[in-house]
Amino acid sequence: MLDVKNIWKTFNAGTVNEKTALRGVSLHLNDGDFVTVIGGNGAGKSTLLNAVAGVWPVDAGSISIGGVDLTHMPEHKRAKYIGRVFQDPMMGTAATMQIEENLALAARRGKARTLRAGISKAEREEYIERLKILDLGLENRLTSKVGLLSGGQRQALTLLMATLIKPQLLLLDEHTAALDPKTAAKVLDATDRIIEKDHLTTLMITHNMRDAIQHGNRLIMMYEGRIVIDVSGEEKRKLTVPQLLELFSKVSGSDEADDKLLLS
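These remarks concern the structure in this document.

## Remarks on the pattern of salt bridges
Oppositely charged side chains can pair when the atoms bearing their charge come close. Overall, the coordinates contain 11 salt bridges when judged by the stated rule. Residues Lys-197 and Asp-198 are paired through a salt bridge, measuring 3.6 Å at the closest nitrogen-oxygen approach. Overall, the relative accessible area of 52% leaves Lys-197 in the exposed class. Across the pair Arg-237 and Glu-234 runs a salt bridge, and its minimum N-O distance is 2.9 Å. Of this pair, Arg-237 and Glu-234 both sit in helix 8 (residues 233-237), 3 residues apart, roughly one helical turn. Residue classification places Arg-237 among the exposed residues on the basis of a relative accessible area of 61%. By relative accessible area, Glu-234 is classed as partly exposed at 42%.

## Notes on the pairing of strand 6 (residues 82-85)
Side chains Ile-82 and Arg-84 project from strand 6 onto one buried face, and the interleaved Gly-83 and Val-85 project onto a second face that is buried too. As paired elements, strand 6 and strand 7 (residues 169-173) share 4 bridges and run parallel to each other. When the bridges of strand 7 are listed, Ile-82 appears paired with Leu-169.

## A look at the environment of Val-187
Relative to the elements of secondary structure, Val-187 occurs in helix 6 (residues 181-198). Placed 174 residues apart in sequence, Val-187 and Ala-13 show a C-alpha to C-alpha distance of 39 Å. Not counting the four nearest positions on each side in its chain, Val-187 is found in contact with Gly-152, Ala-156, Leu-159, His-175, Thr-176 and Leu-179.

## So, the nonpolar core
Counting residues in hydrophobic clusters, the biggest one holds 34 residues, and the most contacted among them are Ile-99, Leu-103, Tyr-127, Leu-131, Leu-134 and Leu-157. Those elements that provide at least two residues to this core are helix 3 (99-107), helix 4 (121-132), helix 5 (151-164), strand 7 and helix 6. Ranked by residue count, the leading element in this core is helix 5, at 7 residues. The contact partners of Leu-103, leaving out residues within four places of it in the chain, are Tyr-127, Leu-131, Leu-157, Leu-160, Met-161 and Leu-164. If you look at the next biggest cluster of nonpolar residues, it comprises 27 residues, including Val-37, Leu-48, Ile-220 and Met-222.

## Remarks on the packing of helix 3 against helix 4
Axis separation between helix 3 and helix 4 bottoms out at 11 Å; the angle between their running directions is 100°. Classified by the angle between their axes, helix 3 and helix 4 sit roughly perpendicular to one another. Residues Ile-99, Glu-100, Leu-103, Ala-104 and Ala-107 of helix 3 form the contact with helix 4, whose own contacting residues are Arg-124, Tyr-127 and Leu-131. Split by residue class, the contact of helix 3 with helix 4 holds 6 nonpolar, no polar and 2 charged.

## Quick notes on the sheet that holds strand 9 (residues 218-223)
The sheet built from 6 strands is open, its strands ordered 6-7-8-3-9-10 with mixed pairing. Single-partner strands in this sheet number two, and they are strand 6 and strand 10 (226-232). Between one strand and the next, the sheet's axes are offset by a mean angle of 20°, whatever the strand orientation. Seen against the sheet, helix 9 (residues 241-252) touches strand 9 and strand 10 and runs at an angle of roughly 140° to strand 10.

## Observations regarding the side chain of Lys-236
Of note, Lys-236 is situated in helix 8. No salt bridge is formed by the buried Lys-236; the nearest opposite charge belongs to Asp-192, separated by 9.0 Å. A distance of 3.0 Å separates the side chain of Lys-236 from the backbone oxygen of His-215, its partner in a polar contact. In terms of polar contacts, Lys-236 uses its side chain to reach the backbone carbonyl oxygen of Gly-216, at 3.2 Å. In this view, Lys-236 contacts Thr-36, Ala-212, Ile-213, Gln-214, His-215, Gly-216, Asn-217, Arg-218, Leu-219 and Val-231; residues no more than four positions away in its chain are not counted.

How each quantity is defined
- Residues numbered from 1 in each chain as written.
- Predicted model: local features only at pLDDT ≥ 70, side-chain atom pairs only at ≥ 80, totals over all residues.
- Heavy atoms only, no water.
- Salt bridge = Lys/Arg side-chain N within 4 Å of Asp/Glu carboxyl O.
- Buried < 20%, exposed > 50% of the residue type's maximum accessible area, 1.4 Å probe, protein only.
- Helix = DSSP H or I, 4+ residues; strand = E, 2+ residues; numbered from the N terminus.
- Pairing = 2+ DSSP bridges.
- Contact = heavy atoms within 4.5 Å.
- Core = buried A, V, L, I, M, F, W, Y, C linked by side-chain atoms within 4.5 Å.
- Axes fitted to C-alpha atoms, helices over the stretch in contact; angles between N-to-C directions.
- Parallel < 35°, antiparallel > 145°, perpendicular 65-115°, else oblique.
- Nonpolar A, V, L, I, M, F, W, Y, C, P; charged D, E, K, R; others polar.
- Lys, Arg positive; Asp, Glu negative; His and termini not counted.
- Polar contact = N/O pair within 3.5 Å; in protein donor to acceptor, adjacent residues only side chain to side chain.

So this is what it looks like as structure tokens:
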């Protein structure tokens, strides 16, 4: 479903601030794979996600989704293939609009505009059923303004909006990092339910090693712009945080781990 081949990305090339963020990264995701991505600050995680999303062009290599080459496709055209949830809960929703209006916007993404009634009864019933998956009581608040919701509720709604029209690839960019632990756990539970229900191919960045181990069927760790660990199946299920740290030290040749990574 996702095929990344030997991509390179350097920022501020030829200056004293030159930084090579991706060094020949290759990654293949099969249909339905849920891959967690972990690594310290500057490891290349967000650069990888932004390269796939088309935020900036890569210097070399290729990116394809579902067999379609997106390497030179602009970000707005990639949106038809990709659903994305950002770290900031405020980014994915329109605060002054109602919950049902936000969902209607998401449902009409990429479709031709018509003069028919705004939200039909059938659509409203569908939104109620989808909101029940989140287990946050939002199905009873369809006409509430999104600006009145908590950060966790808004992030869960953003997740639902990103997957309402099934994307070929779902990108989760530390989507629980700005939430308190209890709310983050709820959003992650909702994430698991939605991904499983719709069989979504997903790439999720996290700084939390425990979350990286507990969620998804595959885990990759990045270090200095490269993928240094790639585990899946039974090996991933049996993995512990101390084992992951030990594995990281072995493959990176470094005993140093990023503070944020350790504290998470």
